[in-house]
Amino acid sequence: EAASQLCDWLDADGCDILYGMEGGGLVLRASTYSPDYVQRCRLGKGIGISGQAFHGAEPVFISNRAREDPRFVDYPGMASEKWYGAASIPLEAGGERFGVVLLYREASWPFPARERRRLTKAIGEAGSALGAFRKAYLMGARSSRMGALSEVSRTISTSPYLEEILQLLVNMTAQQFQYRVCTVRLLDEERQELVLRATQAQAKAYQRKRAIKFGESIAGRVIVEKQPIMVRDVQVEPDYIGHDLAVEQGLRSMICVPLLLQDRPLGVLTCYTGEVRSFLPEEIAALETLAKQAAIAIEHARLQVRSTLLQEMHHRVKNNLQQVASLLRLQMRHGQYKSLEQALDDMLGRILAIAAVHELLSREDLAHVGLLTLAETLVQHQRESLVLPDRRIQFRVRGDDVHLNTTQGTQVALILNELIQNAVEHGFKTTLEGEVHVTVENHDGEIRLWVSNNGDKLPPEFDIANAGQLGTQIVDNLARALGGKFKLSDILGWAVAEVSFTRTGGE
């Protein structure tokens, strides 16, 4: 609007208003001739008619054939072939030079002394008005950004949970800074990747964006360089990954800021606008401050999790040692072993079954054990340690992949260890070839577990209560501890051990 008013007031065919940038360059802020280039057209220090006027602090007047003047610079894509007369006059307010006005006509424009004074005076008055507006705007924007920074920082510092911190960070940053989309990617140091962990974008395609390798795309470069990187327009930026999605979501300008903790990168905060624009220095500084505070909150949340997990691991170790002690007492009272080596070997298998649970916890979820994976691990151990060379036994694990909490997982691991061991040792004493099946079924939390074999048949009138085997006694005790039942029977020539219990969710 200011450029249009100046055109009418000063009888010009076109008017551009350019503001100074950090480093001495100029950026186009308003134009009646090329409005599409606002915020996109930039000139280096002292470049062009406008650059000369700005840095020389003196107006530049060209009466005719402006394009042929050696100071003239033709900006790519801007149609300036009709320019003939041109005047470039610095903008000042309160003794500060902050920009320049470029006026031009499509015909020659004589500049006698009187005309020069008229134009200079008019631009001086415009400079005072624009300078006052600019100062008020910058103060308001700075106040708004500081308020936004304070609000986001306060909000993320109230939560001890990592996922909640990340979601609050993107939601509040987008809202307070009026960005179209905000995302957080955290660093997976082992895989050398940046993994998308939070975004307030609703599009499912955006939420499923793939991980980014170190040095790849803009975010990957930010991690390596540890400096913010700005992209004028992601829809046309060759280094940006995901142009189609950017077009679909209406994303244009982007700033990517590293999340640094004492110069150690934890991830990146990426913000997108819905229009092509520059990021002001105050805005960049606010985002860098926010990123540092977010990095501290993220690390604090991680330390809290580690402290909690350490306490939980101490608790689990204590419980498991108590369970080992109980098994040893039961084994000592039973007295069926012919040698100390045989007793130790049985106990070793039971301890390894408990160890298998914790091995799975380190590879999978920290609080739950996958039952099928556990069965496969125990089958592999039994295959390697128990099956005699002349036996040809095929193992098969199948059914529902039930996840159990640590307590139930440990108890079921001991049950499976005993049942698989019994199937191998007692089912194939004389039979040299056969199969052992482990089957799991889940019916709305009611778990049924079978270990069956088609080796030696169960004796007639077999009764668990009178069998006298330590393994079956352990299974029966553990099944009762689970609040379940255990039975062993002959079904169509197969020896079938069945344990049923109810799955519980928490510890």
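Residues numbered from 1 in each chain as written. Predicted model: local features only at pLDDT ≥ 70, side-chain atom pairs only at ≥ 80, totals over all residues. Heavy atoms only, no water.

**Overview of the overall build of the protein chain**
Stated formally: Numbering of helices and strands starts at the N terminus; helices are DSSP runs of H or I of at least 4 residues and strands are runs of E of at least 2. Buried, partly exposed and exposed residues are distinguished by accessible area as a fraction of the type maximum, computed with a 1.4 Å probe on protein chains only: under 20%, between the cut-offs, and over 50%, respectively. Throughout, a contact is declared for two residues whenever any of their heavy atoms are within 4.5 Å.
The helix and strand inventory of the protein chain stands at 13 helices and 19 strands. Burial statistics for the protein chain: of 507 residues in total, 47% are counted as buried. Relative to all contacts within the protein chain whose residues are 6 or more apart in sequence, the contacts with residues 24 or more apart total 61%.

**Notes on helix α1 (residues 2-10)**
This is how the line gets drawn: Relevant arc is that of directions from the helix axis to the C-beta atoms, nothing else.
Where α1 is concerned, the buried positions are A3, L6, C7 and L10. Buried residues of α1, seen end-on, are gathered within an arc of 105° and therefore sit on one face of the element. After α1 finishes, the residue D11 shows a positive phi value of roughly 60°.

**What about the confidence of the model for the protein chain?**
Under the convention used in this document: Confidence of the predictor at the level of single residues is captured by pLDDT, which takes values from 0 to 100.
On average, residues of the protein chain carry a pLDDT of 80, and 77% of them reach 70 or more. Taking the mean pLDDT of every element in the protein chain, the minimum, 60, falls on helix α12 (residues 464-467) and the maximum, 94, on strand β17 (residues 446-453). Ignoring residues within four places in sequence, the model shows residues 137-145, a span with pLDDT below 50, making 5 contacts including any to other chains.

**So, the pattern of salt bridges**
Pairing between side chains of opposite charge can happen when their charged atoms approach one another. Inclusion rule: The working definition used for a salt bridge is a side-chain nitrogen of Lys or Arg within 4 Å of a carboxyl oxygen of Asp or Glu.
If you walk through the whole model with that rule in mind, you get 16 salt bridges. The partner of E115 in a salt bridge is R118, with the nearest N and O atoms 3.0 Å apart. On the criterion of helical spacing, the pair formed by E115 and R118 is a turn pair, its members being 3 residues apart in helix α3 (residues 113-156). A relative accessible area of 35% places R118 in the partly exposed class. Sharing partners across several salt bridges, the network here consists of R221, E225 and D239.

**Re the environment of Y33**
Tracing the backbone through its elements, the reader meets Y33 in the loop between β2 (26-31) and β3 (42-43). Taking C-alpha positions, Y33 is 7.5 Å from D16, a pair spaced 17 residues apart along the chain.

**Some remarks on the sheet that holds strand β8 (residues 193-199)**
The following threshold applies: Should DSSP find at least two bridges between two strands, the strands are regarded as paired. All axes here are fitted lines through C-alpha atoms, helices being fitted over the stretch that makes contact, and every angle between N-to-C directions spans 0 to 180 degrees.
Spatially, β9-β8-β7-β12-β11-β10 is the arrangement adopted by the 6 strands of the open sheet, whose pairing is antiparallel. Across the chains shown, the open sheet's two edge strands, defined by having one partner strand only, are β9 (212-213) and β10 (229-231). Set on the sheet, helix α6 (residues 217-225) makes contact with β8, β9, β10, β11 (254-261) and β12 (264-272); between it and β11 the angle comes to about 35°.

**What to know about the nonpolar core**
Which entries qualify depends on this criterion: Here, nonpolar core refers to any group of buried Ala, Val, Leu, Ile, Met, Phe, Trp, Tyr and Cys residues whose side-chain atoms link them within 4.5 Å.
Counting 36 residues, the largest nonpolar core has L371 and L416 as its most contacted members. Looking at this core, the elements that each hand over two or more residues are α10 (371-385), β14 (392-399), α11 (406-427), β16 (433-443), β17, α13 (470-481) and β19 (494-502). A per-element tally of this core places α11 first, with 9 residues. Excluding its chain neighbours within four sequence positions, the residues that come into contact with L416 are L371, A375, L378, V438, L449 and V451. Of all hydrophobic cores here, the second largest spans 30 residues; its members include L166, A174, C182 and V257.

**Side note on the sheet that holds strand β6 (residues 96-105)**
An order of β3-β2-β1-β6-β5-β4 is seen for the 6 strands of this open sheet, with the pairing classed as antiparallel. The open sheet is flanked by β3 and β4 (60-62), the only strands paired with a single partner. Where β4 and strand β5 (residues 85-93) come together, 3 bridges link them in antiparallel fashion. Paired with I62 across the two strands is A86, which belongs to β5. The sheet contacts of α1 involve β1 (14-20), β2 and β6, and relative to β1 the element is tilted by about 130°. Contacting β1, β2, β3, β4, β5 and β6, helix α2 (residues 48-56) runs over the sheet at an angle of about 145° to β6.

**Let's talk about the packing of aromatic side chains**
Note the cut-off: The pairing test for Phe, Tyr and Trp rings, Trp by its six-membered ring, is centres within 6.5 Å, and the orientation test on the planes gives stacked under 30 degrees, edge-to-face over 60, and tilted for anything in between.
Applying the stated criterion across every chain, the model contains 6 aromatic pairs. Centre to centre, the rings of Y19 and F98 are 5.5 Å apart; their planes meet at 75°, and the pair counts as edge-to-face. On the criterion of sequence distance, the pair formed by Y19 in strand β1 and F98 in strand β6 is long-range, its members being 79 residues apart. Summarising the aromatic geometry, the rings of Y240 and Y272 are spaced 6.2 Å apart at their centres and angled 75° between planes, so their arrangement reads as edge-to-face. A residue pair is termed long-range when its members are at least 10 positions apart, and Y240 in the loop between β10 and α7 (243-249) and Y272 in strand β12 qualify at 32 residues.

**Notes on the environment of D263**
Turning to its location among the elements, D263 is positioned in the loop between β11 and β12. For the pair formed by D263 and K226, sequence separation is 37 residues and the distance between their alpha carbons is 7.8 Å.

**Quick look at the state of the cysteines**
Here is the rule we go by: Two cysteine sulfur atoms make up a disulfide if the distance between them is within 2.5 Å.
Scanning the model with the defined rule gives 0 disulfides in all. With no disulfide partner, C182 has as its closest neighbouring cysteine sulfur the one in C271, 3.7 Å distant. Judged by its relative accessible area of 0%, C182 is buried.

**A word on helix α4 (residues 162-177)**
To be explicit about the condition: Helix span, as expected, comes to 1.5 Å for every residue beyond the first.
Spanning 16 residues, α4 covers 22 Å between terminal C-alpha atoms, matching the ideal 22 Å at 1.5 Å per step. Those residues of α4 lying buried are L162, I165, L166, L169, V170, M172, T173, A174 and F177. Just downstream of α4, Q178 is the residue with a positive phi angle, here 60°.

**Section: the side chain of Q408**
By the secondary structure assignment, Q408 is in helix α11. With near-sequence residues (within four places) excluded, Q408 lies in contact with L482, F501, T502, R503 and T504.

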